[in-house]
Amino acid sequence: MSEAAIVEVEGLKKYFPIKRGFFTTVVSGETISVKAVDDISFFIKKGEVLGLVGESGSGKTTTGRLILRLADPTAGKISYKGKDISKLTGREMKPLRKEMQIVFQDPFESLDPRMLIKDIVAEPVRIQKVAKTEEEVEERVKQILREVELVPPEEFMLRFPHELSGGQRQRVAIARAFILDPQFIVADEPVSMLDVSIRAEILNLMLALVQRRGSSFLYITHDLALSRHICDRIAVMYLGKLVELGDTDAIIMRPLHPYTQALIAAVPVPDPSSKRIGQVISGEIPSPINPPEGCRFHTRCPYAHMRCIAEDPPLVEIEKNHWVACHLVDIPRAIEAFNTAQGFPTISVAPSS
Amino acid sequence: MPILQLEDLTTNYRTVRGWVRAAENVSLELEKGKALGLVGESGSGKTTVALSILKILPAGGRIRGGKILFDGRDIVPLNDKQMRDIRWKGISIVFQGSMNALNPVFKVGSQIVEAIRLHEDISKSDAYTRAEALLEMVGVEPSRVNNYPHEFSGGMRQRALIAMALAANPKVLVADEPGTALDVIVQAQVLQLMRSLKEKLGLSMLMISHDLSIVAEVCERIAIMYAGKVVEYGDIDAVFKEPLHPYTQGLLGAFPGITEHRKKLTSIPGQPPDLLNPPKGCRFNPRCPYAMDVCREKDPQLQRAGSGDHYVSCFLY
């Protein structure tokens, strides 16, 4: 599976220790930590748009930061183009930063208010020293500003962030991320702070930039409805674990994990005639400091049984390119294995749509 | 007779650079026991309308014209003391940002009790019993009255705020962006609660949101606001089935359903105008794909269009 993968993650973990008093730590002899990301594995194919979906506290943002090495993993391996980058130092990472970039959520905070737009966008070029002269830097800035439709670029270059609207600021952040023609882009909720009428515009712009460069795109979001329309594949996270991963159509039309099903059922439908029937699961996401034993979703799962409380389900490929971590999907597989072993005719156990 | 009726409500904010025309000539009707959704982007004036109804505008905000009829009585000329009888008992509000609307240093129960005892002359212990009943009604364990807000999860805080708004049995509940900061599943739980409260208590609700789909789930009627004006208004099925105003059409295109087939997302080019100096004529004309000469000259009025209970302010119709 690593043939076409540009980024591959194996057993990735990130625990944030909780600071307590020195005495408490010594006496109890243990450190408590928030298990933000707990043993996840997946890969991102070259040129694909992968949506990483989850509620707040699911660990999706931490995953994005870990892949770019903006945070150090507690354990696990991150490979970029087949090379293990999980242990590289800051200096060793620097040449790779040309190829991996990020767009943050809040364009009101991710741009330095005291820098001109020109300098904000030019910063990666200057740091990486890819342009020889100042004219060349300026030329590249103009070109990318044109590409993100901040025209005329000459006018925008000499403005400060506070003079721009939210949508324009996010375009600046996008220009800064794409100016070095990265091959891998992480976007962490890039449109959630923007007004609805301009969200689609910004997303379409990012998609166009990604496609033009053939880059791979990790789109981190809580909005399943939007990801349905822009992602090739979707990965669903819950409490630091990957619970389901597959092609967008499979995830949306045939979700197998009860959590994915609940998420999809909870998305409000913009159609008054299809009043949702009240099937909303109860409860809220538990604390990642002390996550439930076994399957982490069992406290809210309508189908939980004994095995879910005792045993953490592994992520298994249930049909081609569709991975699920749930004991339930194991049952038809177990029946199938049993039937095959007994020489009974196999009944199709394809998940019903 | 509608329980709440706005007639040409105009609310502006005074700034050093002039009046910001946050809401102009807004006319709406809320029928008893029904829910009206007020939808718009940030800066469209939807929160201004809500704050005007309770007359709790921030400094500089002033109702410069129009009437707000609550139960047939205009509340615009009322003074602060008279308004106090209307707030909570008549009209109550659930504020935006459930995370910050509770006071962190008081127990949730005592905050609800405070609201009850301000409006009713009952003993502290009776008020606590009421607070417990209120919490139970919104789906929070009654014993949690003695918890502090930080011990509540986001969804529970939102529920507690709803309980508090219902403390004095209001006739009208104004909900400003309910559940917006919450996760989808919790948001769905809150919407379900609002729906059931509406039915159980016969509440009339004015629901303010930027999210069309949330309003579609709860409300019978909808008003779309853009740059301080109501551009489309009517029965929710009519508006969704046959959106008439180009802005409504654009908004609906920007809200893809999850069940719909994969499609390219559409958006409305440009951005909302500066309300210190709104564009001449129809305020949407700089972004409108169908703008005609008349749109740049004259201000369209809300008029009946399409079929049934459906009004639009656009020269195309």
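The structure this text deals with has already been given above.
The paragraphs below set out a description of the structure included in this document. Everything quoted here is computed from the prediction, not taken from an experiment.

### Quick notes on the overall build of chain B
No. 1: Along the backbone of chain B there are ten helices and twelve strands.
No. 2: The C-alpha radius of gyration of chain B comes to 20 Å, within 12% of the 20 Å expected for a compact globule of 317 residues.
No. 3: Taking the principal axes of the C-alpha coordinates as reference, chain B spans close to 65 × 50 × 40 Å.
No. 4: Pairs at least 24 residues apart make up 64% of the contacts formed inside chain B by residues separated by at least 6 positions.

### Some details on the sheet that holds strand β4 (residues 75-80) of chain A
By way of backbone hydrogen bonds, the strands of a sheet pair with one another, either parallel or antiparallel.
No. 1: Read across the open sheet, the four strands follow the order β2-β1-β4-β5 (chain A); overall the sheet is antiparallel. Each edge of the sheet is formed by a strand with only one pairing partner; in this case those strands are β2 (33-45) and β5 (83-84) of chain A.

### Examining the interface of chain A and chain B
No. 1: In this assembly, 38 residues from chain A lie in contact with 37 residues from chain B.
No. 2: Sorting the residues of the side of chain A that touches chain B by element identifies α8 (196-213), α9 (224-230) and α11 (258-266) of chain A as the ones contributing at least two each.
No. 3: With eight residues, the single largest contributor to the side of chain A that touches chain B is α8(A).
No. 4: In terms of residue class, the side of chain A that touches chain B is built from 19 nonpolar, ten polar and nine charged.

### Side note on the environment of Leu252(B)
No. 1: One can find Leu252(B) in helix α9 (residues 246-254).
No. 2: Sequence spacing of Leu252(B) and Arg262(B) is ten residues, and the spatial spacing of their C-alpha atoms is 15 Å.

### Thoughts on the pairing of strand β10 (residues 241-247) of chain A
Residue and element names in this part refer to chain A.
No. 1: Of all the seven residues making up β10, six are buried; the element is thus mostly covered by neighbouring parts of the structure.
No. 2: Where strand β9 (residues 233-238) and β10 come together, six bridges link them in antiparallel fashion. Residue Met237 lies in a different strand from β10, and its bridge partner there is Leu242.
No. 3: Two strands pair when backbone bridges link them, and β10 and strand β12 (residues 322-324) are joined in this way by two bridges, in the antiparallel orientation. Its bridge partner lying in β12, Glu244 is registered against Val324.

### Looking at α8(A)
Residues and elements named next belong to chain A.
No. 1: Between the first and last C-alpha of α8 there are 27 Å, a value that for 18 residues agrees with the 26 Å anticipated at 1.5 Å per step.
No. 2: All of the buried residues along α8 are Val196, Ser197, Ile198, Arg199, Ala200, Glu201, Ile202, Leu203, Leu205, Met206, Leu209 and Val210.
No. 3: Looking one or two residues past α8, Gly214 carries a phi angle of roughly 65 degrees, positive in sign.

### A closer look at the sheet that holds β12(A)
All names here are of chain A.
No. 1: Taken together, the eight strands give an open sheet; going across it, the order is β6-β7-β8-β3-β9-β10-β12-β11, and neighbouring strands pair in mixed fashion. With partners counted over all chains shown, the strands left at the sheet margins are β6 (100-103) and β11 (316-319), one partner each. The mean inter-strand angle of the sheet, taken between neighbouring strand axes irrespective of direction, is 20 degrees.
No. 2: Direction of pairing for strand β7 (residues 184-188) relative to strand β8 (residues 216-221): parallel, over a ladder of five bridges. Counterpart to Ile185 in the pairing with β8 is Phe217.
No. 3: The strands touched by helix α7 (residues 166-178) are β6 and β7; relative to β6, the strand with the most contacts, the crossing angle is about 175 degrees.
No. 4: α11 rests against β9 and β10 of the sheet, and its axis sits at about 105 degrees to β9.

### Observations regarding the nonpolar core
No. 1: Membership of the largest hydrophobic core comes to 193 residues, with the highest contact counts inside it found for Val121(A), Ile174(A), Tyr219(A), Ala235(A), Ile112(B), Leu206(B) and Met207(B).
No. 2: Ranked by the residues each element gives to this core, the list is headed by α8(A), at nine residues.
No. 3: Those residues in contact with Val121(A) that lie beyond four places of it in its chain are Val141(A), Ile144(A), Leu145(A), Val172(A), Ala175(A), Arg176(A) and Ile179(A).

### Some points on the packing of α7(A) against α8(A)
Residue and element names in this part refer to chain A.
No. 1: Contact geometry of α7 with α8 gives a least axis separation of 11 Å together with a crossing angle of 10 degrees. For the element pair α7 / α8, the angle class is roughly parallel. Between α7, through Gly167, Gln170, Ile174 and Phe178, and α8, the contact on the second element is made entirely by Ile198, Ile202, Leu205, Met206 and Leu209.
No. 2: Of the residues in the contact of α7 with α8, the class split is seven nonpolar, two polar and no charged.

Conventions adopted
- Residues numbered from 1 in each chain as written.
- Chains lettered and ligands numbered in written order.
- Predicted model: local features only at pLDDT ≥ 70, side-chain atom pairs only at ≥ 80, totals over all residues.
- Helix = DSSP H or I, 4+ residues; strand = E, 2+ residues; numbered from the N terminus.
- Rg over C-alpha atoms; globule rule 2.2 N^0.38 Å.
- Contact = placed C-beta atoms within 7 Å.
- Pairing = 2+ DSSP bridges.
- Nonpolar A, V, L, I, M, F, W, Y, C, P; charged D, E, K, R; others polar.
- Buried ≥ 20, exposed ≤ 12 C-beta atoms within 10 Å, placed from the backbone.
- Expected span 1.5 Å × (residues − 1).
- Axes fitted to C-alpha atoms, helices over the stretch in contact; angles between N-to-C directions.
- Core = buried A, V, L, I, M, F, W, Y, C linked by C-beta atoms within 7 Å.
- Parallel < 35°, antiparallel > 145°, perpendicular 65-115°, else oblique.

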